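Read off the chains here:
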Amino acid sequence: MDTSIIISGYGGQGLLFAGSLLCHAAMIEGKQTTWIPSYGAEMRGGAANCSVHISDDEVSSPIVNMSDVVFALNQPSEDKFEKRVKPGGLFIVNSSMAKIERKRADIEYIFIPMNEIAAQKPEPVFINVMAVGAFIEKTGILKESSVKEALKSMMSGKKAHLLDANLASFDYGAEFIKDFARV
Amino acid sequence: MIKTSSKVLVKGNEAIAQAALNAGCKCYFGYPITPQSEIGEFMSRKMPELGRTFVPAESELASISMVIGAGTTGTKAMTSSSSCGIALMQEALSAMVCAEVPGVIISVMRGGPGLGNIAPAQGDYFQAVKGGGNGDYKVVVLAPATVQEAVNLTYRAFHLSMKYRTPVILLADGILGQMMEPVEFGEYPYEEIDTSAWALSGAKNRKPRFLVSLHMQEGEMEAITNRIFEKHDLIAKNETTYEAYQTEDADLIITAFGTVARVAKAAVKKAREKGMKAGLFRPVTLVPFPDEALHNAAKSAKMVLDIEMNKGQMLVDVRSAVFGAAPVEFYGRPAGGLITLEDIYGQIEKRLG
């Protein structure tokens, strides 16, 4: 079992962090995992991205061409990566910054108005971690506890004061999926 | 770097830099260039903290020359660069071999020729293995395929460099430099090498020593060159390493190094699942090249297929090692053309399917 994930958005939306969070949680569960960022000119144009593998077996290449899952955090990412979701794959789109539009019938779309949700909450909310929360709730590919443990170790030292807001951001993403399922 | 028990999630470039620290690297000299700049960034933070030396050099020529200076005193020193930067160090590498000065050079390849691009590529196999310096010389070249192996081979690079008084190149590509993967660092696994018999340590109470690369007396340069090559025979005998995966009964043996080899391994697994007898032979030391092991493996195969992210460089050494034991074919893409599992599986299927 090998799952490939691409996370794409503007620099500053925390997409590299979201990728390394997944990778770290996978490591906690003893899975094989790789992470690689886009770098150089590839980052220009608003679709900076990173690719992650979470696997039970050795990962052959960290590079992902067609992906099981894509997170598109903005419009350029939705435009660029919709065609790179594998048939039967999952496309998670931040509909606050990208159009609600389904061009393909062979993939599953989840549109989450991430920035709107974040604006309604009392504390600062990180949409990258919210997206991870939604993804984990939707797929169960990693345990919620592993991701939260990863957050705790990544938010230590100087970043410790941001831990609670990160944990809450994860929960908001997970809640969105739960509510979505109830509708 | 993110820690969980013994495993650490770390970028290849930072893993190499951390391994160099663990290996006792006392001096780092470098000039930034993508895709290896994290090595210098990491060193600029950590070396001063540890009371060691970090110098941002004014050029790659200066970096390698500073490595020579540190190396002559028996100090573990390192530089890192990429493709067009490593090109500027070739003259110095030849001089280091001649004067028998240790030093570690990390080469994280980008696309070329020229200034090229910053995409992953393996176009600097010749540059590392054959060299662009003058005269009869060789450097030791190690090629990691995973971040864990990049750590292990960085340790080994320092060890071999000090043990045999030779420059050692760690040859990686942009994928390995930029990717994160869980690794275990452990401790530097080698014993320290005594340098007191040759290092320039100040001539107090002893005769002065000279480490030079100019030998004008009749017969002197010939004798030194022969001795250096005898040393390389010894390195070949003691230090040659490779990975042979499913080669014993393979009809088709793929040869590949670095990150291409890990993709090839997955393609071999997939081919085996479909009943096609493929195998992988991966040189870990590019110099010394595992000639004999590859030749013996090729004897029982119907075909050897060399795969590289270039236009066919290791191919020359593969052909030379196989030496007629089996036909050798080539598949490759240069300068950022990525080779996928599907590509390699397709190449296997075309020949065995």
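Residues numbered from 1 in each chain as written. Chains lettered and ligands numbered in written order. Predicted model: local features only at pLDDT ≥ 70, side-chain atom pairs only at ≥ 80, totals over all residues.

Caption draft 1: Structural view of the sheet that holds strand β11 (residues 252–255) of chain B. All names here are of chain B. Sheet architecture is open: five strands sit in the order β10-β12-β11-β14-β15, paired in mixed fashion. Among the strands making up the open sheet, the edge pair consists of β10 (242–245) and β15 (328–332). Sheet twist, expressed as the average angle between the axes of neighbouring strands with direction ignored, equals 20 degrees. Taken together, the four bridges between β11 and strand β12 (residues 278–283) define a ladder with parallel strand orientation. Paired with Ile253 across the two strands is Gly279, which belongs to β12. Set on the sheet, helix α10 (residues 259–273) makes contact with β10, β11, β12 and β14 (303–308); between it and β12 the angle comes to about 165 degrees. (Pairing = 2+ DSSP bridges. Helix = DSSP H or I, 4+ residues; strand = E, 2+ residues; numbered from the N terminus. Axes fitted to C-alpha atoms, helices over the stretch in contact; angles between N-to-C directions. Contact = placed C-beta atoms within 7 Å.)

Caption draft 2: How the structure looks around the packing of helix α1 (residues 15–28) of chain A against helix α4 (residues 127–139) of chain A. All names here are of chain A. Interhelical geometry of α1 versus α4 gives an angle of 40 degrees and a closest axis separation of 8 Å. Considering the angle they form, α1 stands oblique to α4. Taken as a pair, α1 and α4 cross one another with a handedness that is right-handed. Along the contact surface, α1 presents Leu15, Phe17, Ala18, Leu21 and Leu22, while α4 presents Asn128, Val129, Ala131 and Val132. The residue makeup of the contact of α1 with α4, split by class, is eight nonpolar, one polar and no charged. (Parallel < 35°, antiparallel > 145°, perpendicular 65-115°, else oblique. Left-handed = near helix turned anticlockwise from the far one by under 90°. Nonpolar A, V, L, I, M, F, W, Y, C, P; charged D, E, K, R; others polar.)

Caption draft 3: Highlighting the environment of B:Glu14. By the secondary structure assignment, B:Glu14 is in helix α1 (residues 12–22). Sequence separation of B:Glu14 and B:Met43 is 29 residues, and the distance between their C-alpha atoms is 8.9 Å.

Any link to function would need more than the numbers given here.
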